[in-house]
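# Chains, contacts and geometry: an overview
Okay, here's what each chain looks like letter by letter:
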Amino acid sequence: MRRGRIPGSGGAVRPLRTYGDPVLHAASRPVTEAEGPLDALVEDLFASMYAARGVGLAACQVGVPLRVFVFDCPDDEDRRHRGHVVNPRLVHTEGPTVRGPEGCLSLPGLEAPTPRLDVAVVEGEDVTGSPVRIEGTGFFARCLQHEHDHLSGGLYTDRLGGLARWRTLRAVRRAEWSAPLPAEG
């Protein structure tokens, strides 16, 4: 992406996959040189995220099983963080576990109180292969952990227990966008 351009302004809005789609429940594969340039994918991810009014989006959510995600997310001090990560690794988490409302573009209209650690650090590369290190606190740390989970085939519903999990999965089954649910394991 060129400096000064609005991310996503040159991208295409791709349809979002919803809960139950197999691509969301499988680990994404690492990006290799064989994938070719990722600029177009990152632009499409930003365009798709903005169109859906989200703060983060993983490639698997548009049906591309590659380890890439984008974000445009505030932290708890309302500082804006915008960027992308290729082959991200969650290298550090700490702080208290905060149970806060969490939603997902792949479960439109739903949210549940999801436990996340208050600090997260992700390392990876950008589209040019340059190393990046992203540190987040509060809501932005939640976003980083959420998008990283997607790349491992996880959703925030996997972190829920008891009544919160039951209520959320019941709402998924009743949603008009719902696909058949995968078997519980």
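The residue numbering used here restarts from 1 in each chain and proceeds along that chain's sequence as written. The model is predicted, so local features are restricted to residues of pLDDT at least 70 and side-chain atom pairs to those at 80 or more, both for listing and for counting; the totals for chains, interfaces and linings are taken over all residues. The basis for every side-chain value is the complete set of heavy atoms in the structure, and neither hydrogens nor water enter the calculation.

## Structural notes on the overall build of the protein
Secondary structure elements follow DSSP: runs of H or I of four or more residues count as helices, runs of E of two or more count as strands, with numbering from the N terminus. Each helix and strand in the protein was counted, giving three helices and five strands. Counting from the amino terminus, the protein carries its helices and strands in the arrangement α-β-β-β-β-β-α-α. A compact globule built from 185 residues should have a C-alpha radius of gyration of about 16 Å, and the protein, at 16 Å, falls within 12% of that. With the principal axes as the frame, the protein shows a C-alpha extent of 45 × 35 × 25 Å. Only protein chains enter the accessibility calculation, which uses a 1.4 Å probe; a residue whose area is less than 20% of its type maximum is buried, one above 50% is exposed, and one in between is partly exposed. Counting over 185 residues, the protein shows a buried share of 46%. A separation threshold of at least 6 residues defines the contact pool for the protein, and within that pool the share at least 24 residues apart is 65%. Total accessible area on the protein stands at roughly 9300 Å², and carbon and sulfur atoms take up 51% of it. Within these notes, the globule rule equals 2.2 Å times the number of residues to the 0.38 power, and the radius of gyration is based on C-alpha atoms. Contacts between residues were defined by any pair of non-hydrogen atoms, one from each residue, lying within 4.5 Å. Calculation of accessible area relied on Shrake-Rupley with a 1.4 Å probe; when residues are assessed, cover is drawn exclusively from the protein chains displayed.

## What to know about unusual backbone geometry
Generally, phi is negative for residues other than glycine and the peptide bonds are trans, each holding for most cases. Residue Arg-53 is not a glycine yet carries a positive backbone phi of 60°. By the secondary structure assignment, Arg-53 is in the loop between α1 (39-51) and β1 (56-58). One non-glycine residue, Asp-78, adopts positive backbone phi at about 65°.

## As for the pattern of salt bridges
A carboxyl oxygen of Asp or Glu within 4 Å of a side-chain nitrogen of Lys or Arg is what we treat as a salt bridge. Under the criterion given, the structure shown has 12 salt bridges. Residues Arg-14 and Asp-44 are paired through a salt bridge, measuring 2.9 Å at the closest nitrogen-oxygen approach. Separated by 30 residues along the polypeptide, Arg-14 in the segment before α1 and Asp-44 in helix α1 bring together distant segments of the chain. With a relative accessible area of 27%, Arg-14 lands in the partly exposed category.

## Concerning the sheet that holds strand β3 (residues 80-103)
Read from one edge of the open sheet, five strands run β1-β2-β3-β4-β5, paired in antiparallel fashion. Two strands bound the open sheet, and with one partner strand each, they are β1 and β5 (131-137). Recorded for the sheet is a direction-independent mean angle of 30° between the axes of neighbouring strands. One requirement defines pairing of two strands: DSSP has to find at least two bridges between them. By the bridge criterion, three bridges tie β1 to strand β2 (residues 68-74) in an arrangement that is antiparallel. Pairing of Leu-57 across the sheet is with Val-70, part of β2. Packed on one face of the sheet, α1 meets β1, β2 and β3 and runs near 40° to β2. In this analysis, axes come from line fits to C-alpha atoms, helices being fitted only over the stretch in contact, and the angle between any two N-to-C directions falls in the range 0 to 180 degrees.

## A look at the side chain of His-148
Its location among the elements puts His-148 in helix α2 (residues 138-151). Exposure remark for His-148: the relative accessible area of 12% places this residue in the buried category. Of note is the side chain of His-148, whose polar atom sits 3.3 Å from the backbone nitrogen of Leu-90. Residue contacts for His-148: discarding those within four places in its chain leaves Arg-67, Phe-69, Pro-88, Arg-89 and Leu-90. Side-chain atoms alone can form a polar contact between residues adjacent in sequence; in general such a contact is a pair of N or O atoms within 3.5 Å, and within protein one must be able to donate a hydrogen while the other accepts it.

In short, the description is geometric, and any link to function would need to be established separately.
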